[in-house]
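# Structural overview for review
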Amino acid sequence: MTIASAPSLAPAPAQPRARRRVRVSWSLAVSIVLAVLFAIAAVAPTVLATHSPTAQGFADALQGPSLAHWFGTDEAGRDLYSRVVHGTRESLLIGIGAAGIALVAALVLGSLAALGDRVTATIVNRAIEVVFAFPNLLLALLLVSILGPSPWTQVVAVGVSTAPGYARMVRGQILSAKDAGYVEAARALGHGWWRILGRHILPNAIRPLVAVFTMAIGQSIVWASGLSFLGLGVAPPSSEWGALLDAGRVNILQAPWLTFIPGLVILVLALTATTIGKSIQNSLEKGR
């Protein structure tokens, strides 16, 4: 009679963990490449520019896009592509500054509206609703008319005019975090209010603002360019994109590329920022 051998008690060899594949959509990949190019143009514009942005050549005035001048030339013969590249830094600084002002103001107002006492919350909420009722461009025009046109006024006007929408978002995030289970657990453990606020409520309420800030940069550049196009922002001969729009409308019939191409660049940057911001938002929601 044969005796069955006892089963081996040796541990089974560890199986290699399957690596999670990170899938990057083509739109996000293109947006990342464009963001890198915009960053290079802002930090080192001479790397991408093909001509001096101020070099004039009246013999080449109002030439259409060609191999010599990729975006054409303006009325003074200046290379439009090089001017767009050199204007990236100023346009991005305006967009980042306006977005920063908007989100800081939104964080303060949203926190007061959600965490303040009844009187404070009521006053702040009513103020946010009143300002939010004004169209962004109308409010920005009002502020520029009061403070006077300048780059800093442009930043403040765009930031203040877009802040109410973000403030309502912050208020909703904080109210949602206040009722979350982890806050109730912290209270049950005897943690103080300020500790709960600093370690649980504000970090979880502010985290989505990372994606919002990215998208707000593109939106702020669009609004700031609109002010410049109306003659209430950075004035020509600056290479800021809104100023290029303002300068190009004079010759829009003879040289439509002077208006179309800067407007297209503004649109591309806004779409790039929105795509990257949406990707960050989706990653945060999935807990990656």
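Since the model is a prediction, treat every value here as computed from it, not as a measurement.

### A few points about the overall build of the chain
Each helix and strand counted, the chain has 12 helices and 0 strands in total. N-terminal to C-terminal, the α/β element order of the chain is α-α-α-α-α-α-α-α-α-α-α-α. Buried residues in the chain amount to 38% of all 288 residues. Just so you have it, the chain exposes about 16,500 Å², and 67% of that area is on carbon and sulfur atoms.

### A word on a nonpolar patch on the surface
On the surface, Ile 32, Val 33, Val 36, Leu 37, Ile 40 and Val 47 cluster together into a nonpolar patch covering about 480 Å² of accessible area. Mapping Leu 37 onto the fold places it in helix H1 (residues 26–43). Overall, the relative accessible area of 39% leaves Leu 37 in the partly exposed class.

### Things to note about the side chain of Arg 83
Structurally, Arg 83 is set in helix H3 (residues 80–86). Among all residues touching Arg 83, those that are not within four sequence positions of it are Pro 53, Asp 74, Arg 78, Pro 237, Ser 238, Ser 239 and Leu 244.

### Description of the nonpolar core
Judged by nonpolar contacts, the single largest core of 40 residues is most densely connected at Leu 80, Tyr 166, Ile 201, Ile 221 and Trp 241. If one sorts the elements of this core by residue count, helix H4 (residues 88–115) sits on top with 7 residues. Excluding residues that lie within four positions of it along the chain, Leu 80 makes contacts with Phe 71, Gly 72, Thr 73, Leu 244, Trp 257, Leu 258, Ile 261 and Pro 262. In this structure, Ile 94, Leu 143, Val 158 and Ala 224 belong to the second largest nonpolar core, which totals 11 residues.

### Structural notes on the pattern of salt bridges
Going through the model one piece at a time under the given rule, you end up with 5 salt bridges. With a shortest N-O distance of 3.9 Å, Asp 74 and Arg 83 are connected by a salt bridge. We note a salt bridge from Glu 129 to Arg 126, for which the minimum N-O separation is 3.0 Å. One end of the pair is Glu 129 and the other is Arg 126, both in helix H5 (residues 118–132) and 3 residues apart, which spans about a single turn. Exposure remark for Glu 129: the relative accessible area of 42% places this residue in the partly exposed category. Residues joined by salt bridges that share partners form a network here, namely Asp 74, Glu 75, Arg 78 and Arg 83.

### Section: unusual backbone geometry
A positive phi angle, close to 55°, is found at Leu 62, a residue other than glycine. Residue position: Leu 62 is located in the loop between helix H2 (45–48) and H3. Exposure remark for Leu 62: the relative accessible area of 30% places this residue in the partly exposed category.

### Details of H1
Each turn of an α-helix holds 3.6 residues, which means side chains three or four residues apart point in the same direction. If you check H1, its first and last C-alpha atoms are 26 Å apart, about what 18 residues at 1.5 Å a residue would give, namely 26 Å. Among the residues of H1, those classed as buried are Leu 28, Ser 31, Phe 38, Ala 41 and Ala 42. In a view along the axis of H1, the buried residues occupy a sector of 135°, so they form one face of it. Along H1, the residues that are exposed and aim more than 90 degrees away from the buried face are Trp 26 and Val 43.

### Re the packing of H4 against H5
Between H4 and H5, whose axes approach to 7 Å, the crossing angle comes to 135°. Relative to H5, the element H4 is oriented oblique. Crossing of H4 over H5 shows left-handed handedness. Counting all contacts with H4, which are made through Leu 109, Leu 112 and Ala 113, the residues of H5 involved are Thr 120, Ala 121, Val 124, Asn 125 and Ile 128. Class assignment of the residues belonging to the contact of H4 with H5 gives a composition of 6 nonpolar, 2 polar and no charged.

### Description of the side chain of Thr 214
For Thr 214, the position within the fold is in helix H10 (residues 209–229). Taking relative accessible area as the criterion, Thr 214 reaches 18% and is therefore assigned buried. Those residues within four positions of Thr 214 in sequence are excluded, and the remaining contacts are Ala 273, Ile 276, Gly 277 and Ile 280.

### Brief notes about the confidence of the model for the chain
Residues of the chain with pLDDT of at least 70 account for 89%, and the chain-wide mean is 81. This stretch, residues 1–10, has a pLDDT under 50; its non-local contacts, to residues over four places away or in other chains, come to 0 contacts.

### Re the packing of H4 against helix H7 (residues 151–178)
Where H4 meets H7, the axes come as close as 5 Å, and the angle between the chain directions of the two elements is 40°. Taken together, H4 and H7 sit at an angle that is classed as oblique. The way H4 lies across H7 gives a crossing that is right-handed. Class assignment of the residues belonging to the contact of H4 with H7 gives a composition of 22 nonpolar, 6 polar and 2 charged.

Cut-offs and rules
Every residue gets a number counted from 1 within its own chain, in the order that chain's sequence is written. Thresholds applied to this predicted model are a pLDDT of at least 70 for local features of residues and 80 or more for the giving and counting of side-chain atom pairs; totals over whole chains, interfaces and linings are not thresholded and use all residues. With hydrogens and water stripped out, all remaining heavy atoms of the structure feed into the side-chain values. Numbering goes from the N terminus for both helices and strands, where a helix is a DSSP run of H or I of at least four residues and a strand is a run of E of at least two. Only protein chains enter the area calculation, which uses a 1.4 Å probe; residues under 20% of their type maximum are buried, those over 50% are exposed, and those in between are partly exposed. Surface accessibility in these figures is a Shrake-Rupley result with a 1.4 Å probe; residues are shielded only by whichever protein chains are displayed. Note on patches: the residues involved have over 30% relative accessible area and no salt bridge, like charges join within 9 Å, and the nonpolar side chains Val, Leu, Ile, Met, Phe, Trp and Tyr join within 5 Å. Each reported salt bridge corresponds to a side-chain nitrogen of Lys or Arg within 4 Å of a carboxyl oxygen of Asp or Glu. Here, residues are in contact when the closest pair of their heavy atoms is within 4.5 Å. Put simply, a nonpolar core is a bunch of buried Ala, Val, Leu, Ile, Met, Phe, Trp, Tyr and Cys residues held in one set by side-chain atoms that sit within 4.5 Å of each other. What a helix should span is 1.5 Å times the count of its residues minus one. Note that the arc is computed from the directions linking the helix axis to the C-beta atoms. The axes used here are C-alpha line fits, helices contributing only the stretch in contact, and every angle between their N-to-C directions lies in the interval 0 to 180 degrees. With respect to orientation, any angle under 35 degrees is reported as roughly parallel, any angle over 145 as roughly antiparallel, any angle of 65 to 115 as roughly perpendicular, and every other angle as oblique. The hand of a helix crossing depends on one turn: near helix anticlockwise from the far one by less than a right angle means left-handed, and clockwise means right-handed. The residue classification treats Ala, Val, Leu, Ile, Met, Phe, Trp, Tyr, Cys and Pro as nonpolar and Asp, Glu, Lys and Arg as charged. All others, Gly included, are polar. What pLDDT conveys is the predictor's confidence in a given residue, as a value from 0 to 100.

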